[in-house]
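The residues making up each chain are set out below.
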Amino acid sequence: MLDEMRESFGKIFGSETNAEPFFSPGRVNLIGEHTDHEGGYVFPCAIDFGIYALAQKNSSGKLRLHSMNFDGDYGSPFEISYDSIREKLTGSRTWVNYPLGVASTLLKHGHEFAHGLDILYCGNLPDGAGLSSSAALEVLTVRIFSDLLGFNIDGVKAALYSQEAENDFVGVRCGIMDQFAVSMGKKSSAILLNCSTLEYSYAPLELGSHCIIITNSNVPHSLAGSEYNLRRQQCEQALDDIRKVKDVSCLCDLSVNELDEVAYAVKDPVNLRRAVHAVSENARAIRASEALKAGNLAMFGRLMNASHVSLRDNYAVTVPELDILARLAWEFPGVAGSRMTGGGFGGCTVSIIENDRAEEFIDMAGREYERLTGRKASFYRTGITNGAGRIIQ
Ligand code: GLA
């Protein structure tokens, strides 16, 4: 990948003499879905699919950006001076909004851009699949600015700046999970992150005779679409109602029993279902991380299955294609657990499967999924890797 990128870099920007290589992984969330924006726990890990970049300073003082995935192997880069970055672009080349959002956020926080930069991106992370290609692009760009322009931004700060870029510049009110996972990921470990305090710990992913398989429904998801923001708003309304009868700072401060006791205060039954999901999912994420620690993969898997059911019935973010993929996995011997992962409305499922049966599962699920939906699924067998940074060669 990097060799091809060097060739293109020279053609696009004129020279690649000092271009430095960087990589950001995508992420898969094992459990704890739609809890981050409600102050709860998530349990994601960084995957070895991601986005590569080559970057070097230029003398034009401008930011020049090109993506081989979106703009092709050659051609003219997108070019802008830092002081004219104002608001997100519409129309074509909208992928540049992620790096521009990052630049605008760093400028807002007082970082001074003393040099222009040329950045070429190329990734093997499927776009729109719910594996955090947006967060990967954002965190990767923070790392590049920080390393090449000397900003000295640590991993947690990089995640927070990236989230701010996505919230304020791109306009998706995402939580912190994706940016944190791609920035702070650790080889062979999942991250148990408390999204209200940002306290985190790494849990070794000892799956023994099992492996992680990600299945892409190839139904493109769109978080920027209003549904994600709507779910957040429904949770906020539920919280507002609950606060009239109980002092609580966020939904995930409540236990399942405590929510039961105040459920009567939530006026809209749809909002209540959203709250039931957030609170029960938070409890599942905590239990699942404990089950994994205790080596109880069967329990971990059952909690994953329950997570999918709640995302389908309470949070209403699955689509029929994701429900079919989950069911095919649940009914296959050798699958410990399976659920949709990420924001929903399309994208991927994540399944924990016995190594010896993985190929058989892929054959069966691919065939049945196509028969039932007319679509082809894609399967990724992924390793768990470190967070974004410069590639040391
Ligand atoms: C998207 C968002 C995350 C999180 C998940 C759902 O990936 O970017 O912040 O809310 O959806 O868990």
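Residues numbered from 1 in each chain as written. Predicted model: local features only at pLDDT ≥ 70, side-chain atom pairs only at ≥ 80, totals over all residues. Heavy atoms only, no water.

Asker: Would you explain the overall build of the protein chain in this entry?
Answerer: The secondary structure content of the protein chain amounts to 12 helices and 13 strands. Taking 2.2 N^0.38 as the reference for a compact globule, 393 residues should give roughly 21 Å; the C-alpha atoms of the protein chain span a radius of gyration of 21 Å, in line with that estimate. With the C-alpha coordinates aligned to their principal axes, the bounding extent of the protein chain is approximately 60 × 55 × 40 Å. Across the 393 residues in the protein chain, those meeting the buried criterion constitute 60%. Within the protein chain, contacts between residues separated by at least 24 positions form 72% of all contacts whose residues are at least 6 apart in sequence. Of the roughly 15800 Å² of accessible surface on the protein chain, 46% is carried by carbon and sulfur atoms. Averaging the locations of the 37 positively and 49 negatively charged side chains of the protein chain gives two centres separated by 1 Å. (Helix = DSSP H or I, 4+ residues; strand = E, 2+ residues; numbered from the N terminus. Rg over C-alpha atoms; globule rule 2.2 N^0.38 Å. Buried < 20%, exposed > 50% of the residue type's maximum accessible area, 1.4 Å probe, protein only. Contact = heavy atoms within 4.5 Å. Areas by Shrake-Rupley, 256 points an atom, 1.4 Å probe, with all protein chains shown as cover. Lys, Arg positive; Asp, Glu negative; His and termini not counted. Charge placed at Lys NZ, Arg CZ, Asp CG, Glu CD.)

Asker: Just checking my understanding: could you explain the domain arrangement of the protein chain for this structure?
Answerer: Accessible area lost upon the coming together of the parts serves often as the stated size of an interface. The domains assigned to the protein chain are domain 1 (2-204) and domain 2 (210-382). On a C-alpha basis, the centres of domain 1 and domain 2 stand 26 Å from each other. Taken together, the contacts link 31 residues of domain 1 with 44 residues of domain 2. Together, H34, E38 and R173 form the three largest contributors to the area buried by domain 1 at its contact with domain 2, with a combined 23%. Summed over the shared surface of domain 1 and domain 2, the result is two salt bridges. E236 serves as the salt-bridge partner of R173, at 2.6 Å between the closest nitrogen and oxygen. If you list the elements that add at least two residues to the side of domain 1 that touches domain 2, you get β1 (20-29) and β3 (44-58). Taken together, the residues of the side of domain 1 that touches domain 2 break down into 14 nonpolar, 11 polar and six charged. (Domains from an automatic or database assignment. Buried area = accessible area lost by both parts, 1.4 Å probe. Salt bridge = Lys/Arg side-chain N within 4 Å of Asp/Glu carboxyl O. Nonpolar A, V, L, I, M, F, W, Y, C, P; charged D, E, K, R; others polar.)

Asker: Would you mind showing me how to read the sheet that holds strand β11 (residues 348-354) here?
Answerer: Two modes of strand pairing occur in sheets, parallel and antiparallel, and in both the strands are linked by backbone hydrogen bonds. Across the sheet, which stays open at both edges, the four strands sit in the order β10-β11-β9-β12 with antiparallel pairing between neighbours. Edge positions in the sheet fall to β10 (335-341) and β12 (378-381), since each has one partner strand and no second. The mean angle between the axes of side-by-side strands here comes to 20 degrees, regardless of whether they run parallel or antiparallel. Alignment of β10 against β11, held across six bridges, turns out to be antiparallel. The residue of β11 that forms the bridge with M340 is T349. Docked against the sheet, helix α12 (residues 358-373) engages β9 (210-216), β10, β11 and β12, running at close to 165 degrees with respect to β12. (Pairing = 2+ DSSP bridges. Axes fitted to C-alpha atoms, helices over the stretch in contact; angles between N-to-C directions.)

Asker: When you look at the pattern of salt bridges in this model, what are you seeing that I'm missing?
Answerer: It is possible for side chains of opposite charge to pair when their charged atoms get near one another. In this structure the tally under the stated criterion is 23 salt bridges. A salt bridge links K11 to E7, with the shortest nitrogen-to-oxygen separation between them at 3.4 Å. Placement of the pair is K11 and E7 together in helix α1 (residues 2-13), with a separation of four residues, close to one helical turn. Notably, a salt bridge pairs E227 with R231, separated by 2.8 Å at the nearest N-O pair. Placement of the pair is E227 and R231 together in helix α7 (residues 226-243), with a separation of four residues, close to one helical turn.

Asker: Please explain the site of the ligand as it appears in this structure.
Answerer: The environment of the ligand is made up of 13 residues, and the closest members are E33, H34, D36, D178 and Y228. Contact between the ligand and D178: an oxygen atom at 2.6 Å from a side-chain N or O atom of the residue. Within the backbone of G343, an N or O atom sits 3.4 Å from an oxygen atom of the ligand. Split by residue class, the shell around the ligand holds four nonpolar, five polar and four charged. (Near = heavy atom within 4 Å. Polar contact = N/O pair within 3.5 Å; in protein donor to acceptor, adjacent residues only side chain to side chain.)

Asker: In this structure, what is going on with the packing of aromatic side chains? I would like to understand it.
Answerer: A ring pair, where both rings are aromatic, is described by two values, the distance of the centres and the angle of the planes. Per the stated rule, a full pass over the model turns up 13 aromatic pairs. Ring centres 5.5 Å apart and planes at 80 degrees place the aromatic pair W95 and Y121 in the edge-to-face group. In this pair, W95 is assigned in the loop between β5 (78-81) and α3 (97-108) and Y121 in strand β6 (residues 116-123), connecting sequence segments 26 residues apart. One aromatic cluster is present, formed by Y82, F113, F145 and F151 through successive ring pairs. (Phe/Tyr/Trp six-rings, centres within 6.5 Å; stacked < 30°, edge-to-face > 60°.)

Asker: Could you clarify how one ought to interpret the packing of helix α5 (residues 155-170) against helix α6 (residues 177-184) in this entry?
Answerer: Helix-helix packing is described using two parameters, namely the angle between the two axes and the distance between the axes. At their nearest, the axes of α5 and α6 sit 8 Å apart, and the two run at 145 degrees to each other. For the pair α5 and α6, the sense of crossing is right-handed. Contact with α5, carried on its side by G155, V156, A158, A159, S162, Q163 and E166, involves Q179, F180, S183 and M184 of α6 and no other residues of that element. (Left-handed = near helix turned anticlockwise from the far one by under 90°.)

Asker: Honestly, the sheet that holds β1 in this entry has me stumped. Any pointers?
Answerer: A sheet is described by the order of its strands in space; here six strands give the open sequence β5-β4-β6-β3-β1-β13, paired in mixed fashion. The outermost strands of the open sheet, each flanked by one partner alone, are β5 and β13 (389-390). By the bridge criterion, eight bridges tie β3 to β6 in an arrangement that is antiparallel. By the bridge assignment, A55 is partnered in β6 with I119. Here α1 sits on the sheet and contacts β1, β3, β4 (62-67) and β6; the angle it forms with β6, its principal contact strand, is near 140 degrees. The sheet contacts of helix α4 (residues 133-149) involve β1, β3, β4, β6 and β13, and relative to β3 the element is tilted by about 40 degrees.

Asker: Before we go on, may I ask you to explain the environment of G343 in this structure?
Answerer: Along the polypeptide, G343 turns up in the loop between β10 and β11. The class of G343 is buried, set by a relative accessible area of 10%. In the structure, G343 is positioned 214 residues away from A129 in sequence and 9.5 Å away in space, judged by C-alpha atoms.

Asker: Would you mind showing me how to read unusual backbone geometry here?
Answerer: For residues that are not glycine, phi is negative in most cases, and the peptide bond is trans in most cases. Of note, the phi angle at H34 is positive, near 60 degrees, even though the residue is not glycine. For H34, a relative accessible area of 4% puts it in the buried group. Positive phi is not limited to glycine here, since N152 has a value of about 60 degrees. Along the polypeptide, N152 turns up in the loop between α4 and α5.

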